[in-house]
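Each chain, letter by letter, is given below.
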Amino acid sequence: MHERRAKQKDSTVKMATSEPKPADTEEPQPEIPVLPTSDQYVKHPLQNRWALWYFKNDKSKSWTENLRLISKFDTVEDFWALYNHIQQPSKLGFGCDYCLFKDGIKPMWEDDRNKLGGRWLMTLNKQQRHNDLDRYWMETLLCLVGESFDESSEDVCGAVVNVRPKGDKIAIWTSNCQNRDAIMTIGSGYKGRLNLPSKPMISYQSHDDTSSKSGSTTKNMYSV
Amino acid sequence: MTSSTNKSCPIPTKVLTLKDWSQLPDRYSQTPGGTLFSTTPGGTRIIYDRKFLLECRNSPIAKTPPCCLPQIPGVTVPATHPIGKLQDLKEEMEEEEEEDKDNSDDNQFEMDI
């Protein structure tokens, strides 16, 4: 934390130089810490600490080797600092993913807090990569960090965006596919936030069904 | 909260007595015992609406890249960035090393595709 304070102090000092100088010409006294008084430097804490992961499909490596932690954050400002300085999903290569998960939950089915869960899945068509993908992903992130689903936010584990040649996907992962009420609250709230039309519906699938599917389709447990 | 009622709820408050300065939180934006800017009734969850979050996007702090961001070409640095090329070289070298290791070590994370 001292680091952070020091940094804030620094930027306060820098900012001050670009503002009109006060009339007094007293020597600066560096021993006295300059504490930020402006709201600009306040960080707003989030309910959860979040971890952003990046997955790059390199066939010469195993799945876990391809998964990389980018950064963690637990304030609104640190979220934006990260978001503002990384590539948008639409500019990632095919086969790449971003995953935002609560700290402590790995972005994989096998994690204890995912294994009984599932996901609300939104499949985009090719045109939507340019029109909607980045916008939808940002809204998804805001839903998560802002805890937009009331108490059902407790069930949220994270979100994943997959960039794929056939069509991109965005999903919100929840912890238990039997928690119907929470899942429905999240699904309808999410659809509303993205301003999606009532048709087509989006569907919820359990990770268990997704991982054990035999054909190309997975059973939909819920739809909204 | 039941959505059927529009009555206002009192914001829950609590009073804490600090015995020592060390009990002060280490962030300016927090008060002792946990700061809740915008909370659900009962004060259990910190929630932010879309508008507020978007307003914070251009705060001075949000304009500074996070420290210790890993250098990932095309993600955290431009794909054509010199560091990107260096990174590729480094990865290649690491891969070679890995291959050497792999000869003696079973890769237990191999997945069936």
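Please read these numbers as outputs of a predicted model, since none were measured by experiment.

Basis of the calculations
- Counting starts from 1 at the beginning of each chain's written sequence and moves along it residue by residue.
- A letter from A marks each chain and a number from 1 marks each ligand, given out in the order of writing.
- The model is predicted, so local features are restricted to residues of pLDDT at least 70 and side-chain atom pairs to those at 80 or more, both for listing and for counting; the totals for chains, interfaces and linings are taken over all residues.
- To get the side-chain values, all heavy atoms of the structure are used, and hydrogens and water are removed first.
- Where helices and strands are cited, they refer to DSSP runs of H or I of at least four residues and of E of at least two residues respectively, numbered from the N terminus.
- Exposed residues in this analysis have more than 50% of their type's maximum accessible area, buried residues have under 20%, and partly exposed residues fall in between, with area computed by a 1.4 Å probe over protein chains only.
- Residues count as neighbours in contact if any of their non-hydrogen atoms are within 4.5 Å of one another.
- Asp and Glu are treated as the negative residues and Lys and Arg as the positive ones, with His and the ends of the chain left uncounted.
- By definition, a salt bridge exists where a carboxyl oxygen of Asp or Glu is found within 4 Å of a side-chain nitrogen of Lys or Arg.
- Whenever two N or O atoms come within 3.5 Å, that pair is a polar contact, provided that in protein one can donate a hydrogen and the other can accept it, and provided that, for residues adjacent in sequence, both atoms are side-chain atoms.

(A) Fine view of the overall build of chain A. Looking only at helices and strands, one finds six helices and eight strands in chain A. Helices and strands appear in chain A in the N-to-C order α-β-β-α-β-β-α-α-β-β-α-β-α-β. When the 224 residues of chain A are sorted by exposure, 50% land in the buried category. Taking contacts inside chain A between residues at least 6 apart in sequence as the whole, the part at least 24 apart equals 68%.

(B) Up close: unusual backbone geometry. A cis amide bond links Lys199 of chain A to the next residue, Pro200 of chain A, at an omega of -5 degrees. Checked against the element boundaries, Pro200 of chain A lands in the loop between helix H5 (180-193) and strand E7 (203-206). Positive phi outside glycine occurs at Asn195 of chain A, with the angle close to 60 degrees. For Asn195 of chain A, the position within the fold is in the loop between H5 and E7. Even without a glycine there, the phi angle at Cys68 of chain B is positive, about 60 degrees. Structurally, Cys68 of chain B is set in the loop between helix H1 (50-55) and helix H2 (82-104). Since its relative accessible area comes to 73%, Cys68 of chain B is described here as exposed.

(C) Summary view of the side chain of Asp134 of chain A. All names here are of chain A. As for its placement among the helices and strands, Asp134 is situated in helix H4 (residues 133-145). For the buried Asp134, which has no salt bridge, the nearest side chain bearing the opposite charge is Lys91, at an N-O separation of 4.8 Å. Beyond its immediate sequence surroundings of up to four residues, Asp134 is in contact with Tyr83, Gln88, Pro89 and Ser90.

(D) Focus on the environment of Asn220 of chain A. Residue and element names in this part refer to chain A. When you line up the elements, Asn220 lands in the loop between helix H6 (207-212) and strand E8 (222-223). Here the alpha-carbon distance between Asn220 and Trp120, two residues 100 residues apart in the chain, equals 9.6 Å. Side-chain polar atoms of Asn220 contact the side chain of Ser203, separated by 3.3 Å. Of the polar contacts made by the side chain of Asn220, one reaches the side chain of Gln205; its length is 3.2 Å.

(E) Main features of the pattern of salt bridges. For the structure shown, the criterion picks out 15 salt bridges over all chains. As a salt-bridge pair, Asp132 of chain A and Arg135 of chain A come within 2.6 Å of each other at their nearest N and O atoms. Given the relative accessible area of 11%, Asp132 of chain A is considered buried. Judged by its relative accessible area of 44%, Arg135 of chain A falls in the partly exposed class. Ionic pairing is found between Glu151 of chain A and Arg45 of chain B, a salt bridge with its closest N-O pair at 4.0 Å. With Glu151 of chain A in the loop between H4 and strand E5 (156-162) and Arg45 of chain B in the segment before H1, this residue pair bridges two chains. Residue classification places Arg45 of chain B among the buried positions, given a relative accessible area of 3%.

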